[in-house]
Amino acid sequence: MKTVSVIVPFLNERENLPVLYERVAAALDREPEAWELVLVDDGSTDGSAEWAEQQAARDPRVKLIQLSRNFGHQIAITAGMDYSRGDAVVIIDADLQDPPEVIPELLARWREGHEVVYAVRKSREGETWLKKFLAASFYRIFHKMSRVKVPMDTGDFRLVDRRVIEALRNVRELHRFMRGLTCWVGFRQCAVYYERASRHAGVTKYPVWKSINLAWDGLTSFSGAPLRWVTGIGLIFSLAGLLFALRVVMGHLLGWSDTVRGWTSLMAVVLVLGGVQLMCMGLLGQYISRIFEESKKRPLYFVRSVIGFPSAADSGAER
Ligand code: UDP
Ligand code: MG
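What counts as what
Residues numbered from 1 in each chain as written. Chains lettered and ligands numbered in written order. Predicted model: local features only at pLDDT ≥ 70, side-chain atom pairs only at ≥ 80, totals over all residues. Heavy atoms only, no water. Salt bridge = Lys/Arg side-chain N within 4 Å of Asp/Glu carboxyl O. Helix = DSSP H or I, 4+ residues; strand = E, 2+ residues; numbered from the N terminus. Buried < 20%, exposed > 50% of the residue type's maximum accessible area, 1.4 Å probe, protein only. Near = heavy atom within 4 Å. Polar contact = N/O pair within 3.5 Å; in protein donor to acceptor, adjacent residues only side chain to side chain. Nonpolar A, V, L, I, M, F, W, Y, C, P; charged D, E, K, R; others polar. Donors = N, O, S within 2.8 Å, 3.2 Å for Na, K, Ca; no water. Axes fitted to C-alpha atoms, helices over the stretch in contact; angles between N-to-C directions. Contact = heavy atoms within 4.5 Å. Patch = residues over 30% accessible without salt bridge, like charges linked within 9 Å, V, L, I, M, F, W, Y side chains within 5 Å. Areas by Shrake-Rupley, 256 points an atom, 1.4 Å probe, with all protein chains shown as cover. Lys, Arg positive; Asp, Glu negative; His and termini not counted. Charge placed at Lys NZ, Arg CZ, Asp CG, Glu CD. Pairing = 2+ DSSP bridges. Right-handed = clockwise from strand over helix to strand, strands pointing away. Phe/Tyr/Trp six-rings, centres within 6.5 Å; stacked < 30°, edge-to-face > 60°. Lys NZ or Arg CZ within 6 Å of the ring centre and 35° of its normal.

(A) Expanded view of the pattern of salt bridges. Using the criterion set out here, one finds 22 salt bridges in the structure. Residue Glu195 pairs with Lys122 through a salt bridge whose shortest N-O separation is 3.6 Å. In this pair, Glu195 is assigned in strand β7 (residues 189-196) and Lys122 in strand β5 (residues 116-124), connecting sequence segments 73 residues apart. Given the relative accessible area of 54%, Lys122 is considered exposed. Arg140 is paired through a salt bridge with Asp153; the nearest N and O atoms lie 3.3 Å apart.

(B) The site of ligand 1, seen in detail. Neighbouring ligand 1 are 19 residues; Asp42, Asp95, Gln97, Thr204 and Lys205 lie closest to it. In this structure, an oxygen atom belonging to ligand 1 sits 2.9 Å away from a main-chain N or O atom of Leu11. Ala94 is positioned with one of its backbone polar atoms (N or O) 2.9 Å from an oxygen atom of ligand 1. A breakdown of the residues in the shell around ligand 1 according to their chemical character gives 5 nonpolar, 5 polar and 9 charged.

(C) Seen up close, the coordination of the magnesium ion (ligand 2). Each protein donor to the magnesium ion (ligand 2) is listed here as Asp95 (OD) and Gln97 (OE1); together their distances run 1.9 to 2.0 Å. Looking at Gln97, the relative accessible area reads 7%, which means it is buried.

(D) Main features of the packing of helix α1 (residues 16-28) against helix α2 (residues 48-58). Viewed as axis vectors pointing N to C, α1 and α2 meet at an angle of 35°, and their least axial separation amounts to 9 Å. Each of Leu17, Pro18 and Tyr21 in α1 lies in contact with α2, whose residues at this interface are Ser48, Trp51 and Gln55. In terms of residue class, the contact of α1 with α2 is made up of 4 nonpolar, 2 polar and no charged.

(E) Spatial organisation of a negative patch on the surface. On the surface, Glu15, Asp46, Glu50 and Glu53 cluster together into a negatively charged patch. Note that Glu15 resides in the loop between β1 (3-10) and α1.

(F) Geometry of a nonpolar patch on the surface. A grouping of Trp129, Leu130, Phe133, Leu134 and Ile212 is seen on the molecular surface, where their side chains present a nonpolar patch of about 540 Å² in accessible area. Looking at the nonpolar patch, the element that brings in the most residues is helix α5 (residues 129-145), giving 4 residues. Relative to the elements of secondary structure, Phe133 occurs in helix α5.

(G) The environment of Met1, seen in detail. Position of Met1 relative to the elements: it lies in the segment before β1. Sequence-wise, Met1 and Pro32 are 31 residues apart; in three dimensions their C-alpha atoms are separated by 8.2 Å. When residues no more than four places from it in sequence are discounted, the contact partners of Met1 are Pro32, Glu33 and Ala34.

(H) Looking closely at the side chain of Asp41. The topology assignment puts Asp41 in strand β2 (residues 34-41). In this structure, Asp41 is buried with no salt-bridge partner, the nearest side chain bearing the opposite charge being Arg304 at 5.2 Å. Side-chain polar atoms of Asp41 contact the backbone nitrogen of Ser44, separated by 2.8 Å. Within the local environment of Asp41, its side chain forms a polar contact with the side chain of Gln66, the two groups lying 3.1 Å apart. When sequence neighbours within four positions are dropped, the list of residues in contact with Asp41 reads Phe10, Ala49, Leu64, Ile65, Gln66 and Leu67.

(I) How the structure looks around the pairing of strand β3 (residues 62-67). Of all 6 residues that make up β3, 6 are buried, and the element is covered over most of its length. Of the two faces of β3, the one lined by Val62, Leu64 and Gln66 and the one lined by Lys63, Ile65 and Leu67 are each fully buried. Relative to β3, β2 runs parallel, the two being bridged by 5 bridges. The residue of β3 that forms the bridge with Val38 is Lys63. Once the chain exits β2 it traverses α2 before rejoining the sheet at β3, and the crossover so formed is right-handed. The pairing of β3 with strand β8 (residues 303-307) spans 4 bridges and is classified as antiparallel. The residue of β8 that forms the bridge with Gln66 is Ser305.

(J) Highlighting the packing of aromatic side chains. Within this structure, the stated rule accounts for 9 aromatic pairs. With a centroid separation of 5.9 Å and an interplanar angle of 90°, the aromatic rings of Phe138 and Phe177 are classed as edge-to-face. Highlighted residues: Phe138 in helix α5 and Phe177 in the loop between α6 (162-168) and α7 (178-184), separated in sequence by 39 residues. We classify Phe138 as buried; its relative accessible area is 12%. Accessibility expressed as a relative area gives 1% for Phe177, which makes it buried. Each residue in the set Phe138, Tyr139, Phe142, Phe177 and Phe222 is aromatic and connected to the rest through ring pairs, giving one cluster. Of note, Lys210 hangs over the ring of Tyr206, and the distance from its end group to the ring centre comes to 5.9 Å.

Below, the structure written as structure tokens:
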């Protein structure tokens, strides 16, 4: 019999986990495949991990990976992928924004032979307009900038075939943008549409600044376009400088020079150029700091304990 692993990364979702368990069980008990619920504790402090432990003791289909601290959503997903053994793997948030009732639809497409079935949000309820606006802009900019065409308006909620998981397990980059990576590896992909609900309980663990960080990680790890823009800005300013120099020389030769006046224009040029140069250096710095961090080759995460998996605790260093 085939197995489905449902990976749930969570950070302080005590009130959501029991409901999530019930709804996943209700949705998957009707499917022919066996299932396991792989809960990944990303440094929770509100008793969610204790609930997960007790649940794992009650129901052997519930498994728990406890990371040694908060490593972030994307790395928690990676840990779940490393441990899960299902023929199909579903990644879902713990807050029930992604309804578990959509999983059977994902499974149906998978049985048809699709290896990545991603869930596209038709609507997003209960989120601030700022977050929705930033998310919508991000997907469109990303689409323009990167050669990897990440589908618009999709989060990490998706089903991935074992073959794809094995491919993804080879990718150990630190700044991980999983929805970009699952697209980048290829395979047969298709979409399913759903309405994204609002949070069942609790508050978002992705404030706007964290979402912007994730977007920036996505852009920089999938595109060198910002570096090309910087070159473009440099070219434009050089051209403008050249034209201005021509005007100054002509003015001098033809006698309509204004070399004594011009303090204002001089300051404007110095300030704008100074700003642009600092910005470009900052951008270069961003790419270099990513090279620096990757070059350290640190493990992605450390595991404190696992329940329900045969292997003892290990780290994200292994492949
Ligand atoms: N999450 C996590 N580690 C983090 C932040 C979030 O495991 O550092 C989990 C969180 O518990 C939830 C999922 O990632 O299951 C998505 O987070 P959230 O719902 O807060 O994000 P939003 O839907 O508001 O973008
Ligand atoms: Mg959420």
